[in-house]
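If you want the building blocks of each chain, they are given just below.
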Amino acid sequence: MGKGAKSAEASKMREDFWVRYTDEPHATRRKQILAKYPQIETLYGPDIRPLPFVLLIIASQLYLSSLAVHWEWKYFILVAWIYGGAASHALSLMTHELSHNLLFKTPILNSYFGIFCNVAMGLPSSTMFKRYHMEHHQYQGDTEKDMDLPTPWEGRFFTNTLLKALWLLLQPAFYALRPTIVRPKKPMKLDILNTVVIVCTDAAIVYYISPFALLYLVLSTLLGMGFHPVAGHFIAEHYVFVEGYETYSYYGPLNYLCWNVGYHNEHHDFPKVAGWRLPEITKMAPEFYNTLPQHKSWTMVLVNYIFDPAIGPFSRMIKNRPSDKKKD
């Protein structure tokens, strides 16, 4: 951890979530910053500059998938984890940008391009992710609407080093299954299109290239969301490492690959600002961010999550407990 308040220490792992009894911090800070620096609003809107880099990542993954049939298993897994995991995760985080309509000016083009990103990931996720992610921003910490929160079952079960390591390994499954179980949504036309397109492109990859090509793409996606340095942002963003703080930024070099998603306080304060413009917010309003606790390394976030007995799935801030809702 970097600057900030006292670390959230405990002799044993938490048995329940942290609870926030104040207003959601990002809306409050946004008002304060705009009152002092109204020019930040000039940063709002899409930014097309990442497009050629995204196309290059997609092309590289499809090209490597065509070579995968010739590799020994050890090289297959190493390439899928080291490069494929990073590349696929970059595409996943581009679908995050697209969910905010921050690449193209037209919303539907952002949706279509998100589906195109999924082609090189081998799994359909972009359009449904957008629907859940918008609720994460609108209802951060709401146990019924924010599907970024672990379930109470996860908090009660994954309670030691070995089980937390298993939880990290299975993160792709939890991110995919948790929303469909806790807060299922009826598929819309774009969701159906997303699935149909990826099933068809997956079939084409298997038929015209090799089943190993599809395996490479899917394995890259799964490995990139588990034990991989870029996957550290899943934990770094909102897990409570310092008491009283529910969102953390990371300003290190992995932001170059991840479209500055590490600037996470800035992103939640100003979700209308594209990733490559987020550092400008920090420069314009440094006094609002320099004193906040921040992470120095996503890799160390993963290490600390596994080995720190005080950190686990319950290390999240909520604005209500499930039992509180039932009493209302």
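Everything that follows concerns the structure shown earlier in this document.
These notes cover the structure that comes with them. All values derive from a computational prediction rather than experimental measurement.

Definitions and limits used
- Residues numbered from 1 in each chain as written.
- Predicted model: local features only at pLDDT ≥ 70, side-chain atom pairs only at ≥ 80, totals over all residues.
- Heavy atoms only, no water.
- Helix = DSSP H or I, 4+ residues; strand = E, 2+ residues; numbered from the N terminus.
- Expected span 1.5 Å × (residues − 1).
- Buried < 20%, exposed > 50% of the residue type's maximum accessible area, 1.4 Å probe, protein only.
- Arc of directions from axis to C-beta.
- Contact = heavy atoms within 4.5 Å.
- Polar contact = N/O pair within 3.5 Å; in protein donor to acceptor, adjacent residues only side chain to side chain.
- Salt bridge = Lys/Arg side-chain N within 4 Å of Asp/Glu carboxyl O.

### Comments concerning helix 1 (residues 25-36)
Thought 1: Given a rise of 1.5 Å per residue, twelve residues ought to cover 16 Å, and the 17 Å separating the end C-alpha atoms of helix 1 matches this to within 8%.
Thought 2: Of the residues making up helix 1, those classed as buried are H26, R29, I33 and L34. Projection of helix 1 onto a plane perpendicular to its axis shows the buried side chains occupying an angular sector of 130 degrees, all on one side. The exposed set on the far side of helix 1, more than 90 degrees from its buried face, consists of K31 and A35.
Thought 3: Among the structural elements, helix 12 (264-269) and helix 14 (286-289) are those in contact with the buried residues of helix 1.
Thought 4: For helix 1, the N-terminal capping position is held by E24, with its side-chain oxygen 3.0 Å away from the main-chain nitrogen of H26.

### Re the pattern of salt bridges
Thought 1: Summed over the entire model, instances satisfying the criterion amount to nine salt bridges.
Thought 2: Across the pair D47 and R49 runs a salt bridge, and its minimum N-O distance is 2.6 Å.
Thought 3: Given the relative accessible area of 4%, D47 is considered buried.
Thought 4: Residue classification places R49 among the partly exposed residues on the basis of a relative accessible area of 44%.
Thought 5: Ionic contacts of the salt-bridge type, sharing partners, join the residues E135, R183 and K185 into one network.

### Considerations on the side chain of N255
Thought 1: Note on placement: N255 falls in the loop between strand 2 (249-250) and helix 12.
Thought 2: Looking at N255, its side chain comes within polar contact range of the main-chain nitrogen of G262, at 2.7 Å.
Thought 3: Other than its neighbours up to four places away in sequence, N255 contacts Y250, N260, V261, G262, Y263 and W298.

### A closer look at the environment of T161
Thought 1: Looking at the secondary structure, you find T161 in helix 7 (residues 161-169).
Thought 2: As for T161 and P124, which are separated by 37 residues in sequence, their C-alpha atoms are 32 Å apart.
Thought 3: If we skip the residues at most four places from it in the chain, T161 touches I306 and F307.

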